[in-house]
Amino acid sequence: MTFDHSAAVRVTSALLVCLCASCASPLPEREARGDVVALQASSAARIAYEQGDYALAQQLYRRALTRARAINDAALAADAAFNLAVSEVGLGQYAAADRLLRQAHYDAGRASSGTTDIQLLRAKVAYFQQQIPEAQRLIDEVVGMKAEPALALQARILRGQIFCETAGVHAAKVELQAVEKLATPAVLSMPVRADLAKLRGTIARLEGRVVDAAEFFEAEAEFLRLAHRYRDMSHALARAAEAYLASGQPALAADRFYLAARSLDGRGDTDAARTFLASSLSAADQARDDGARLRARMLLEEISRRRGP
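All of these numbers come straight from a predicted model, not from anything done at the bench.

**Overview of the overall build of the chain**
Then step 1. Per the secondary structure count, the chain includes 14 helices and zero strands.
Then step 2. Listing each helix as α and each strand as β along the chain from the N terminus yields α-α-α-α-α-α-α-α-α-α-α-α-α-α.
Then step 3. When each of the 309 residues of the chain is scored for burial, the buried share is 55%.
Then step 4. Considering only contacts in the chain between residues 6 or more positions apart, those separated by 24 or more positions represent 58%.
Then step 5. Carbon and sulfur atoms provide 52% of the accessible area of the chain, an area that totals close to 12,800 Å².

See below:
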């Protein structure tokens, strides 16, 4: 799923993440306040994050956190730890993100500032780590806090996704109905739109409506592209490919697997790219699509040349 970029009390326009290479998006950043050194590091980090350079954002947010600790500014430390955790989520470093969020919660308490966004991101990280009971507990806590609409919406979308995996399609559909009542234009940022499309697609897939599922996953991928969530976009394309394959459209599946692989290869994740290229070749064989087969083989050969013998 995805974390929201929308503005909140101490939030700027950043985002939250897809899970297991697929699901929940990160939340918006908190805004660095007061100290010039921390503010400069955070401002540069925010630009890096919005451009999808999570590694650089990680370095810069760590600098802001180090500064906040050095000057013993609780509010600044909470914000910096939260923002660094968002970057760690983008890099798939969920254990590190969890540790940072616990620190953010501690310092937010010291600063007497809100913790709803911290708890929601903790829930998403728990979900990424397949700690489902803990994720559900934290979601219930966020909903019980009477969170602002944007955060409540994200919490319920995550709950719906968990229900898809644990409680079955009926419970997920009931949760989706509640989500749709909250999904006003004011709270539907691109990452949240992606999460909602994924939830709809997952429900459609569970109900056997694989064509609908493919279309929802395509929409998810496009929302993630617009949000600069390119790693998550790749996995959404792969989900669409799987749905197209299940619907008897192997040519479309071959194309979407190829696009997913090409994007991941462009981000340096050649192992995942190889996996999706193998799926693309298999689908191209089913479709008897020589063009798709050639594209996949050429990219595989390019990867092999770069990696050497």
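From this point, the narrative continues.
**Some words on the packing of aromatic side chains**
In this description, a pair of aromatic rings is defined by centroid distance and the angle of the planes.
Then step 1. Applying the stated criterion across every chain yields a total of four aromatic pairs.
Then step 2. On the basis of an interplanar angle of 40 degrees and a centroid distance of 4.9 Å, the ring pair of Y49 and Y54 is categorised as tilted.
Then step 3. Taking relative accessible area as the criterion, Y49 reaches 1% and is therefore assigned buried.
Then step 4. On the basis of relative accessibility, which here comes to 6%, the residue Y54 falls in the buried class.
Then step 5. Ring geometry for Y94 versus F128: centroids 4.8 Å apart, planes at 40 degrees, classification tilted.

**So, helix α5 (residues 116-128)**
An α-helical segment advances 3.6 residues per turn. Residues three or four places apart therefore align on the same side.
Then step 1. The end-to-end C-alpha separation of α5 is 19 Å, in line with the 18 Å expected for 13 residues at 1.5 Å each.
Then step 2. Counting buried positions over the 13 residues of α5 gives 13, a clear majority of the element.
Then step 3. Two residues or fewer after α5 comes Q130, characterised by a positive phi angle close to 60 degrees.

**A closer look at the nonpolar core**
Where a protein is soluble and globular, its nonpolar side chains tend to be buried together.
Then step 1. If you look at the biggest cluster of nonpolar residues, it comprises 47 residues, and the most contacted ones within it are F82, V89, L101, L121, V125, Y127 and I162.
Then step 2. Every element with two or more residues in this core is listed here: α1 (36-50), α2 (54-70), α3 (74-90), α4 (94-110), α5, α6 (132-144) and α7 (149-166).
Then step 3. Of all the elements, α3 adds the most residues to this core, at 10 residues.
Then step 4. In terms of nonpolar packing, the next biggest core, distinct from the first, is built from 34 residues, A204, Y258, A260 and A273 among them.

**Here's the deal with the side chain of D98**
Then step 1. Looking at the element boundaries, D98 is found in helix α4.
Then step 2. What makes D98 buried here is its relative accessible area of 18%.
Then step 3. Contact partners of D98, with chain neighbours within four places excluded, come to R122, V125 and Q129.

**Concerning the pattern of salt bridges**
Then step 1. In this structure the tally under the stated criterion is 23 salt bridges.
Then step 2. The shortest N-O distance in the salt bridge between E134 and R122 comes to 3.7 Å. One end of the pair, E134, is in helix α6; the other, R122, is in helix α5, with 12 residues separating them in the sequence.
Then step 3. A salt bridge links D290 to R293; its shortest N-O distance comes to 2.5 Å.

So, how was this worked out
- Residues numbered from 1 in each chain as written.
- Predicted model: local features only at pLDDT ≥ 70, side-chain atom pairs only at ≥ 80, totals over all residues.
- Heavy atoms only, no water.
- Helix = DSSP H or I, 4+ residues; strand = E, 2+ residues; numbered from the N terminus.
- Buried < 20%, exposed > 50% of the residue type's maximum accessible area, 1.4 Å probe, protein only.
- Contact = heavy atoms within 4.5 Å.
- Areas by Shrake-Rupley, 256 points an atom, 1.4 Å probe, with all protein chains shown as cover.
- Phe/Tyr/Trp six-rings, centres within 6.5 Å; stacked < 30°, edge-to-face > 60°.
- Expected span 1.5 Å × (residues − 1).
- Core = buried A, V, L, I, M, F, W, Y, C linked by side-chain atoms within 4.5 Å.
- Salt bridge = Lys/Arg side-chain N within 4 Å of Asp/Glu carboxyl O.

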